[in-house]
Amino acid sequence: MHTHPPPRCFLAADAWSAEAPLAPEESRHLLRVLRSRPGDPVTVFDGCGRRAPARLIAAARGGLACLRLDLAAAETQSPPPVRIILAQALPKHNLMDGIVQKAVELGAAAVWPLLTERVVAAGDAARQSAKAERWRKIAREAARQCGTDWIPEVRAPAAFPALSSEIRACHRCFIGALTPGAAPFRAAAAAARPAPPGAALMIVIGPEGDLAPAEIALLTAAGGIPVSFGGAVLRVETAALYGLSLMHYEFLNP
């Protein structure tokens, strides 16, 4: 007889204690979606590599689920061997939602949305902040679903020029590009191995119509390497997932 693993719930690291209430969204998922009852087992994770067994005590005031954590049995998952960073030009509509979700599943350590020359305006600072918070929620839900104990850093949309200094701090930065002369990704990845433990490796994905030539020149001057994903022109969301899959294969599963 097969038994299902306990449901997973996110609990921020600073909220861990012997008895702890879950945040509203986690409580709703546990109590209303999964129909958990007092005494049911739960696994909590903090998004920073730590998990622990717990049990549902009861619904606390306001409908929040309260858990009793077995802190003595907490485990810490080793971090990935390298940090994969997706720097993604902000796509149209809500495509970024799906990109963030899949980035979690593919082991990204960070997702940095970018405002590039060919990106539609993302609104004022308040709207951008609200978008970032929605993406962080999506990242938490994706981590809960796929079983990873690591939640990537998700930033608010940032101006493109700021990326240059970030590239200089990386072991390698690959720029998905349609420009002639871009190196095949496989060859560029082979030249980047072995990557030092904990090194940051960035993949930059442009918007519809690709990055502007001046933007590619800026990133190249900072040390970025234009790479090709093959002959087909990929949609933004396809390029992001394909690029992340290649990074995962080349650097997280050597």
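Okay, so let's go over this structure. Only a predicted model underlies this, so the values are computations on that prediction, with no experimental measurement involved. (Residues numbered from 1 in each chain as written. Predicted model: local features only at pLDDT ≥ 70, side-chain atom pairs only at ≥ 80, totals over all residues. Heavy atoms only, no water.)

### Structural notes on the overall build of the protein chain
A tally of helices and strands in the protein chain yields seven helices and 14 strands. Taken over C-alpha atoms, the radius of gyration comes to 20 Å for the protein chain, in line with the 18 Å a tight globule of 254 residues would show. If you line up the protein chain on its principal axes, its C-alpha atoms span 60 × 40 × 35 Å. Taken over 254 residues, the protein chain has a buried fraction of 44%. For the protein chain, the share of sequence-separated contacts (at least 6 apart) that also reach a separation of at least 24 residues comes to 76%. Between the averaged position of the 27 positive side-chain charges in the protein chain and that of its 22 negative side-chain charges there is a distance of 3 Å. (Helix = DSSP H or I, 4+ residues; strand = E, 2+ residues; numbered from the N terminus. Rg over C-alpha atoms; globule rule 2.2 N^0.38 Å. Buried < 20%, exposed > 50% of the residue type's maximum accessible area, 1.4 Å probe, protein only. Contact = heavy atoms within 4.5 Å. Lys, Arg positive; Asp, Glu negative; His and termini not counted. Charge placed at Lys NZ, Arg CZ, Asp CG, Glu CD.)

### A closer look at the packing of helix α2 (residues 95–105) against helix α3 (residues 125–146)
In a packed pair of helices, the relevant descriptors are the angle between the two axes and the axis-to-axis distance. Axis separation between α2 and α3 bottoms out at 8 Å; the angle between their running directions is 40 degrees. Classed by the angle they form, the pair α2 and α3 counts as oblique. Two packed elements cross with a definite hand, and for α2 against α3 that hand is right-handed. Contacts from Met96, Asp97, Val100, Gln101, Val104 and Glu105 in α2 reach Arg134, Trp135, Ile138, Ala139, Ala142, Ala143 and Cys146 in α3. When the residues that make up the contact of α2 with α3 are grouped by side-chain class, the tally is nine nonpolar, one polar and three charged. (Axes fitted to C-alpha atoms, helices over the stretch in contact; angles between N-to-C directions. Parallel < 35°, antiparallel > 145°, perpendicular 65-115°, else oblique. Left-handed = near helix turned anticlockwise from the far one by under 90°. Nonpolar A, V, L, I, M, F, W, Y, C, P; charged D, E, K, R; others polar.)

### Concerning the state of the cysteines
Under the criterion given, the structure shown has zero disulfides. In this structure cysteine 146 is not part of a disulfide, and its nearest cysteine sulfur, from cysteine 9, lies 15 Å away. Taking relative accessible area as the criterion, cysteine 146 reaches 39% and is therefore assigned partly exposed. Of all cysteine sulfurs in the structure, the one in cysteine 170 sits closest to cysteine 173, which takes part in no disulfide; the separation is 6.3 Å. Its relative accessible area of 1% is what places cysteine 173 among the buried residues. (Disulfide = S-S within 2.5 Å.)

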